[in-house]
Amino acid sequence: MSSLPYRRAGRSGLDLSAFSFGLWQKFGTDYPYDTQREIVLHAFELGITHFDNADRYGPPHRAAQQFFGQVLRNDLAAHRDELILSTKAGNPIGASPYLRGGSRKSLLGSLDHSLRDLGTDYVDIFYSHSPDPGTPLDETVGALVSAVQQGKALYIGISNYPTDRARETARLLRRAGVPLLVHQPRYSILDRRPETTGLLELAGDEGFGVVVYSPLAQGLLTDKYLDGIPAGARAQNSAFLKPDAIDDAYRKRVTTLNKLAAQRGQSLAQLALQWVLRRPEVTSAIIGASSAAQLDHNVRALDFPALTGDELAIIDASDE
Ligand SMILES: NC(=O)c1ccc[n+]([C@@H]2O[C@H](COP(=O)([O-])OP(=O)(O)OC[C@H]3O[C@@H](n4cnc5c(N)ncnc54)[C@H](OP(=O)(O)O)[C@@H]3O)[C@@H](O)[C@H]2O)c1
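Residues numbered from 1 in each chain as written. Predicted model: local features only at pLDDT ≥ 70, side-chain atom pairs only at ≥ 80, totals over all residues. Heavy atoms only, no water.

1. Here's the deal with the pairing of strand β8 (residues 180-184)
Line of reasoning, step 1. For β8, a buried count of five out of five residues is recorded, marking the element as mostly surrounded by other parts of the structure.
Line of reasoning, step 2. Where strand β7 (residues 153-159) and β8 come together, four bridges link them in parallel fashion. For Ser 159, the partnering residue across the bridge sits in β8 and is Gln 184.
Line of reasoning, step 3. Crossover connection from β7 via helix α5 (residues 163-175) to parallel β8: handedness right-handed. (Buried < 20%, exposed > 50% of the residue type's maximum accessible area, 1.4 Å probe, protein only. Helix = DSSP H or I, 4+ residues; strand = E, 2+ residues; numbered from the N terminus. Pairing = 2+ DSSP bridges. Right-handed = clockwise from strand over helix to strand, strands pointing away.)

2. Considering the side chain of Ser 159
Line of reasoning, step 1. Counting through the fold element by element, Ser 159 comes out in strand β7.
Line of reasoning, step 2. Its relative accessible area of 1% is what places Ser 159 among the buried residues.
Line of reasoning, step 3. Reaching out from Ser 159, the side chain makes a polar contact with the backbone oxygen of Gln 184 at a distance of 2.8 Å.
Line of reasoning, step 4. Apart from the residues lying within four places of it in its own chain, the contact partners of Ser 159 are Tyr 127, Ser 128, His 129, Ser 130, Pro 131, His 183, Gln 184 and Tyr 213. (Polar contact = N/O pair within 3.5 Å; in protein donor to acceptor, adjacent residues only side chain to side chain. Contact = heavy atoms within 4.5 Å.)

3. Topic: the site of the ligand
Line of reasoning, step 1. Taken together, 31 residues form the shell around the ligand, and within it Asp 52, Ser 214, Lys 224, Arg 234 and Ser 290 come nearest.
Line of reasoning, step 2. Between the ligand and the protein, one listed contact pairs an oxygen atom with a backbone N or O atom of Leu 23 at 3.3 Å.
Line of reasoning, step 3. Within the backbone of Leu 216, an N or O atom sits 2.9 Å from an oxygen atom of the ligand.
Line of reasoning, step 4. When the ligand sits alone it has 920 Å² of accessible area, and the protein chains cover 94% of it.
Line of reasoning, step 5. Per-element tally for the shell around the ligand: the top contributor is helix α11 (residues 292-299), with three residues.
Line of reasoning, step 6. Split by residue class, the shell around the ligand holds twelve nonpolar, 14 polar and five charged. (Near = heavy atom within 4 Å. Areas by Shrake-Rupley, 256 points an atom, 1.4 Å probe, with all protein chains shown as cover. Nonpolar A, V, L, I, M, F, W, Y, C, P; charged D, E, K, R; others polar.)

4. Describing unusual backbone geometry
Line of reasoning, step 1. Gly 58 connects to Pro 59 through a cis peptide bond whose omega is 15°.
Line of reasoning, step 2. Relative to the elements of secondary structure, Pro 59 occurs in the loop between β4 (50-52) and α2 (63-76).
Line of reasoning, step 3. In this structure, the amide linkage connecting Pro 59 to the following residue, Pro 60, adopts the cis form with an omega of -15°.
Line of reasoning, step 4. Relative to the assigned elements, Pro 60 resides in the loop between β4 and α2.
Line of reasoning, step 5. The backbone of Arg 62 sits at a positive phi, close to 80°, despite the residue not being glycine.

These results come straight from atomic positions and should not be treated as a statement about function.
Next comes the structure, spelled out in structure tokens:
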């Protein structure tokens, strides 16, 4: 196994690999087991030790965790102590009110089901996947604290919470003696909301880490869409990335960024990954991949010199 740098999650005692691997898309029963297994094992070979999952991931829902459970049992069992496994609950996975939302019933029921699917006694990080304005925050936080007290999770995370709700959640968790470990927002050159909403600043103040998702904007921050949509690419077959995202404004911006990356002797994907990791509040970037080759390419982002002030200014100006 090679090694990637580790980065500390806020003011906790936990380090995460600078890149994490996520099983959101293309991990489920619709895809060949051997391909999925090769990608996950390759990620581990490259030094990625944090695997991000959720009850919802598939298709169908729960399939990504059932797949990961098989790999854990067959290939990675001897390495359980070297892995950080994350799961999330609260986004809808069925029509029942108990299969969605931030209630105690929904969160703890999902966690038990995820532990069975993963074939493990505990997850390292248990997340509330999204805020649920329909449930008292005290109840959601109480369920997260119970997960830790019951030994089913070591740490707690929240995802997609706006800054104010994150601040209040961090306060309630601290009061309960279970400090918030990480927040998981979307963050990339194409989506800078964690900066503009003060979330990164809050992370620094409160001492939690930030684990960012979709740092490549699902592939938009690579050179793959510069000449159209290649066969098999996510924009061709995903409900979450529509072909209309690839319009003239997108192409203009990405052409500028691609030129800057070429001047630095790297690819746009590598530039985009370096960019999110430039912020000290960011503990890890969760990447997805549809092949082991994409992973090889992406982890090399860490081999390049830091972005200069002038280069950051070009990136800032690329959306004007
Ligand atoms: N908390 C949440 O609500 C939430 C939401 C979304 C995601 N997440 C987490 O974040 C993880 C990562 O999200 P993401 O998959 O959107 O991340 P991403 O890294 O922005 O996008 C990954 C996709 O980009 C393409 N790609 C990657 N490297 C490439 C390269 N070198 N050249 C060309 N294309 C490349 C691949 O798509 P192709 O299929 O086109 O090859 C790959 O699947 C998820 O798996 C999940 O764990 C969390």
